[in-house]
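Per-entry structural report
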Amino acid sequence: MNDLVTARVITRFGADVLITHANQTIRCTPKRKLEHIACGDYVTWEENAQGNATITTILPRTNVLTRPDFRGKPKNIATNIDLVIIVVSWRPSPSWEMLDRYLVATELLPAQALIVMNKADLADEYASADDLKCLAEYEHIGYSILYTQAKEGSGIAALRAAIGAKTAIVVGQSGVGKSSLAAQLLPEQEIRVGEIADTGEGRHTTTNAMLYALPEHGFLIDSPGVRDFSLSAVTREQLQQGYSEFRPYQFQCRFNNCTHAHEPHCAIKQAVAAQQLPPHRYERYLNLLASL
Ligand code: GDP
Ligand code: ZN
């Protein structure tokens, strides 16, 4: 049998991987040179005469989420991510600097970002005027914001619609409601775990990233490691590239290596002064820049 077919990697499973193809879950052994295969990869595979399935190639990726392993070497965690859902809440109170870091990391991945303000029910009690201003700035520069109450299930239909046929991950600080949102998106998650248990390895207790199919043809990739996605060490150029609102002003500063901090004739500083760019975001940019 030599017909090559495209499938998608659900998760790594020891030396093997589980792939999904035509609604079936198949256990495959990657060829040895494909050691870096990861959750979310599109692959070709074939079945040999003995009935064993082999991954033959990994198709080109749009992006790769990596994490340093215990030796500090980057390890592939997940691939082909279209959408990063960044969850914030009113309690724990939002850290806008952390949200900026998530947005920069998302822009650099690169992937689309969606801000989800969960626990919308706590806004009246906890959202300060300053916080509301900060939140409005993100919308002003073009980021979409969805309001959800994961406990009640409200806003989930809009979240599903925003994911559509995309492959999404959910990130955010602890306690904002990531698990609750994932549970709302994946009511049948337990079934998937059960299916994997049938492959003879006992319960699937690994913390490897997992690909979950959503009813709307999209996918959610999830694991503790994926939720911990954050901004790694970046250069100044990368940091600036991560600020999507700076893009229209690219090449307009007097100095082409302008840091947008102290230089004269800086298009970014002028745009902030003219209220064309949001001031709180810019102040936090200066903090992040100083921390590099
Ligand atoms: P995670 O750490 O980001 O995964 O957050 P969890 O999903 O575990 O949620 C943390 C806490 O927030 C839990 O006690 C949830 O019940 C609660 N929670 C989740 N969504 C909402 C919401 O919309 N409103 C309120 N008031 N609480 C919520
Ligand atoms: Zn500048």
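Residues numbered from 1 in each chain as written. Chains lettered and ligands numbered in written order. Predicted model: local features only at pLDDT ≥ 70, side-chain atom pairs only at ≥ 80, totals over all residues. Heavy atoms only, no water.

Counting its regular elements, the chain contains ten helices and 13 strands. The principal-axis extents of the C-alpha atoms in the chain amount to approximately 70 × 45 × 30 Å. Expressed as a percentage of the 292 residues in the chain, the buried residues total 47%. Contacts in the chain between residues far apart in sequence, at least 24 positions, make up 64% of those at least 6 positions apart. (Helix = DSSP H or I, 4+ residues; strand = E, 2+ residues; numbered from the N terminus. Buried < 20%, exposed > 50% of the residue type's maximum accessible area, 1.4 Å probe, protein only. Contact = heavy atoms within 4.5 Å.)

This part takes up the sheet that holds strand S13 (residues 219-222). Spatially, the six strands line up as an open sheet ordered S10-S9-S8-S11-S13-S12, and their pairing is mixed. Unpaired on one side and paired on the other, strand S10 (144-147) and strand S12 (210-213) mark the two borders of the sheet. Strand-to-strand twist in this sheet, taken as the mean axis angle between neighbours without regard to direction, amounts to 30°. Pairing between strand S8 (residues 83-89) and strand S9 (residues 112-118): seven bridges, direction parallel. Across the sheet, Ser89 pairs through a bridge with Asn118, a residue of S9. On the sheet, helix H3 (residues 129-140) packs against S9 and S10 and is oriented at approximately 130° with respect to S10. (Pairing = 2+ DSSP bridges. Axes fitted to C-alpha atoms, helices over the stretch in contact; angles between N-to-C directions.)

A few words on the confidence of the model for the chain. Per-residue pLDDT for the chain averages 91, and the proportion of residues at 70 or more is 92%. Below a pLDDT of 50 lies the segment residues 191-205, which in the model reaches 24 contacts outside its immediate sequence neighbourhood of four places, other chains included. (pLDDT = per-residue confidence, 0-100.)

Moving on, we get to the environment of Leu231. Mapping Leu231 onto the fold places it in the loop between helix H7 (224-227) and helix H8 (236-241). Assessed through its relative accessible area of 15%, Leu231 is described here as buried. For Leu231, the contacting residues outside a window of four places in its chain are Arg101, Val104, Ala105 and Leu108.

The subject of this paragraph is empty space enclosed by the protein. Once rolled over the atoms, a probe with the size of a water molecule shows which space is left empty. For the structure shown, the criterion picks out one cavity of 30 Å³ or more. By volume, the largest cavity is sized at about 30 Å³. As for the largest cavity, its lining consists of Val87, Val88, Ser95, Met98, Leu99, Tyr102 and Gln173. Breaking the lining of the largest cavity down by element, the ones donating at least two residues are S8 and helix H1 (96-108). When residues in the lining of the largest cavity are grouped by element, the largest group, three residues, is from H1. Here the lining of the largest cavity is composed, by residue class, of five nonpolar, two polar and no charged. (1 Å grid on protein atoms, 1.4 Å probe; cavity = no way out; pocket = protein on both sides within 12 Å on 5 of 7 lines; lining within 4 Å. Points joined across faces, edges and corners; volume = space filled by probe spheres on them. Nonpolar A, V, L, I, M, F, W, Y, C, P; charged D, E, K, R; others polar.)

Coordination sphere of the zinc ion (ligand 2), protein contribution only: Cys253 (SG), Cys258 (SG), His260 (ND1) and Cys266 (SG), at 2.1 to 2.4 Å. One way to put it: the four donor atoms around the zinc ion (ligand 2) meet at angles of 104 to 113°, and that makes the site tetrahedral. In primary-sequence terms, the residues that donate to the zinc ion (ligand 2) follow C-x4-C-x1-H-x5-C. One end of the pair, Cys253, is in the loop between H8 and helix H9 (267-273); the other, Cys266, is in the loop between H8 and H9, with 13 residues separating them in the sequence. Each member of the pair, Cys253 together with Cys266, is buried. (Donors = N, O, S within 2.8 Å, 3.2 Å for Na, K, Ca; no water. Tetrahedral: all angles 85-135°; square planar, octahedral: opposite > 155°, others 65-115°.)

Turning next to the layout of surface pockets. The computed volume of the largest pocket comes to approximately 450 Å³. Residue lining of the largest pocket: 20 residues in total, with Arg12, Lys75, Asn76, Ile77 and Asn208 positioned closest to the centre. Counting only elements with at least two residues in the lining of the largest pocket, the list comes to strand S6 (64-68), strand S7 (74-79) and H7. The element best represented in the lining of the largest pocket is S7, accounting for four residues. Classifying every residue of the lining of the largest pocket gives eight nonpolar, six polar and six charged.

A word on the packing of aromatic side chains. The description of an aromatic ring pair rests on the distance of the ring centres and on the angle between the ring planes. Summed over the entire model, instances satisfying the criterion amount to five aromatic pairs. A ring pair is formed by Tyr243 and Phe246, whose centres lie 5.1 Å apart and whose planes are at 20°; its orientation type is stacked. For the residue pair Tyr243 and Phe246, the accessibility class agrees, reading buried in each case. Pairwise contacts between aromatic rings join Tyr243, Phe246, Tyr282 and Tyr285 into one cluster. (Phe/Tyr/Trp six-rings, centres within 6.5 Å; stacked < 30°, edge-to-face > 60°.)

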